[in-house]
Amino acid sequence: MFNEENTVEQMVLDTLCGGVTSNMVAEELASYGGEIKGWRFVASEELPRQHSDVLVESMVRDALIRLNPEIKAQPDRADEVLYRLRTIPLSVQSEGLVRANELFAEWLRGEKSMPFGERGEHTPVRLIDFENLSNNDYVVTNQWVYPVKEGGRRFDIIMLVNGIPLVVGEAKTPVRPAVTWVDGASDIHNGYEQSVPQMFVPNVLSFATEGKCYRYGSVRMPIDIWGPWHEGENKAEGTLADVQRSIRSMLRPHVVLDILQNFTLFATDKKHRRIKIICRYQQYEGANLMVARVVKGYPKKGLIWHFQGSGKSLLMVFAAQKLRMHRKLGNPTVMIVVDRIDLDTQITATFNAADIPNMIGAATRQELQSLLAADTRKIIITTIHKFGEADGRLNERSNIIVMVDEAHRTQEGDLGRKMRDALPNAFLFGLTGTPINKRDRNTFWAFGADEDEQGYMSRYSFQDSIRDKATLPLHFEAVDVKLHINKDAIDEAYSQMTDELSELDRDDLAKRAAKMAVLIKAPARVNAICQHIVKHFQEKVEPNGFKAQVVTFDRECCVLYKKAMDELVGPEASAIVMHTQGGKSDEYA
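Because the structure is predicted, anything quoted here is derived from the model rather than measured.

Running from N to C, helix H1 (residues 8-16) and helix H9 (residues 240-250) cross one another at 45°; their axes reach a closest spacing of 10 Å. Our classification of the angle between H1 and H9 gives oblique. In this structure, H1 meets H9 at a crossing whose hand is right-handed. Contacts between H1 and H9 involve Met11, Val12, Thr15 and Leu16 from the former and Leu240, Val243, Gln244, Ile247 and Arg248 from the latter. Considered class by class, the residues forming the contact of H1 with H9 number six nonpolar, two polar and one charged.

What follows is the structure in structure tokens.
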């Protein structure tokens, strides 16, 4: 008989403490400075904390003194910071968990300051060193109890950076087939976050696994959108080895801190609620490939194909955020180029909802030219058509990064080449949700780098999107269209009808009469189709509380369908939505 401690939970701990160097690129290795540090295990009862403490305060105090010269000069200042940090979990009942989490994230990211300067001026307070990761202390523990020893909640896995619990994990052992990662995620989302929300105020992410699938989410994220984490081409799931691969990839210290600093957003949803968004693995991969290419300086372009619905708008937000903050890039200009006539797009809405700072829209050619001429160092959102109107070079600076949405459309009118002429030294990254045919030479010329296999820097296919449930599958019921043409009988009848015409007139009449529209609008066919639509709607669609939409061949066909359905179910059952010209010549106006 086995239990959680000696199976899945122990596997997670062993995997976390087994080293962090796998698949690390040069920049990630450099971020650790002189010493690569991974997670070290400390039993929860050995941590210097009261059960009622969210933070391991002695470890937080040590980090404050270690990372802040002003606090090191007067160590009692650490207690002032700790006092401020303690108040945030206490405010969770009034502020709500997401807002309290957002407030704590500002401290974690080093965005808060205290009057610790020589003349009382405010200086930033660092809880975590993001520049030299070896200056941080990484501890993983298990069976963490909060808020009281007897009757408190018991957390399977807690991951602490400098004494601050950033990651919560729940491990379920599949003692029966019905036990899945959903049980662990439910314990976190429906249990712990509701009963002890204070523990999730510093939280970056939570994860759940039963040893077959690994899923993660952020505070108050619905369980059905918790996502998997993969790296590279191997996206298999279902075994212990697959879970270990996800853990080794995602829960390395530099990845957790990268997600905290660059891949976390707080936004307002359509119901005016504050929500927390963290990246999916394809967004993390795509954005970091862009950043690495810009830091390296070559190649100066890349094509990203991520299937529709997989979060390209957020990928651009994450990439823009990280590029703007990157210390090696010297305050770059990031341009987001959309393919619409105006700027009222999903991407603009995503940037606005996430309160991204230093963002400006260039709605006219003059605005774009003046912003680039003035060497504006912000995030500029504009439309592809402004480059079509631009003449000559707009800016020759090399730290301009351009991200083009729906890149496959930029070949229209050769806009890709115009963009390159206007910004000859800029980085050009194209994003598309549509697989691009190799014959689309302009798209590959503008964005595809020779170094990239098959022309793509990053790929997230339709199959990936369906498997990860980022895109929902479309279910449809094929209808057998009984359309049979007896060519011999038609030819015979036509010959009899036109026997008095010359051969030239007969051919001319055949060309005008034998059109698809005539066949489609035949009364018998229209009636048969409308009867099928009404029957299917009444039996399959209406009982589920849904409505239906019918798309027809043309406007005349639309009117014919409407008349046929009016006779079957009455005129109140359906309505026509049709574009008209409005003039006297338009019979449908």
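Before going further, it helps to examine the nonpolar core. Of all hydrophobic cores here, the largest spans 120 residues; its most connected members are Val81, Leu127, Phe155, Trp229, Leu251, Ile259 and Met403. Residues in contact with Leu127, not counting those within four places in the same chain, are Val60, Ala63, Leu64, Leu67, Val81, Leu85, Trp107, Leu108, Asn162 and Ile164. Met335, Phe387, Val402 and Ala407 belong to the second-largest nonpolar core, a separate cluster that totals 23 residues.

Glancing now at the sheet that holds strand S1 (residues 40-41). In spatial order, the strands read S1-S4-S5-S6-S7-S8; together these six strands make up an open sheet with mixed pairing. Since the sheet does not close on itself, it has two edges, and those belong to S1 and strand S8 (214-217), each with one partner. Relative to strand S5 (residues 153-161), strand S4 (residues 138-146) runs antiparallel, the two sharing eight bridges. By the bridge assignment, Trp144 is partnered in S5 with Phe155.

Applying the stated criterion across every chain, the model contains zero disulfides. Of the cysteine sulfurs around Cys530, a residue in no disulfide, the closest is that of Cys557, at 8.4 Å. Look at Cys530 and you get buried, because its relative accessible area is 0%.

With 14 residues, helix H12 (residues 312-325) extends 20 Å from end C-alpha to end C-alpha; this agrees with the ideal 20 Å at 1.5 Å per step. Burial within H12 is extensive, with 13 of its 14 residues counted as buried.

Rules and cut-offs
- Residues numbered from 1 in each chain as written.
- Predicted model: local features only at pLDDT ≥ 70, side-chain atom pairs only at ≥ 80, totals over all residues.
- Heavy atoms only, no water.
- Axes fitted to C-alpha atoms, helices over the stretch in contact; angles between N-to-C directions.
- Helix = DSSP H or I, 4+ residues; strand = E, 2+ residues; numbered from the N terminus.
- Parallel < 35°, antiparallel > 145°, perpendicular 65-115°, else oblique.
- Left-handed = near helix turned anticlockwise from the far one by under 90°.
- Contact = heavy atoms within 4.5 Å.
- Nonpolar A, V, L, I, M, F, W, Y, C, P; charged D, E, K, R; others polar.
- Core = buried A, V, L, I, M, F, W, Y, C linked by side-chain atoms within 4.5 Å.
- Buried < 20%, exposed > 50% of the residue type's maximum accessible area, 1.4 Å probe, protein only.
- Pairing = 2+ DSSP bridges.
- Disulfide = S-S within 2.5 Å.
- Expected span 1.5 Å × (residues − 1).

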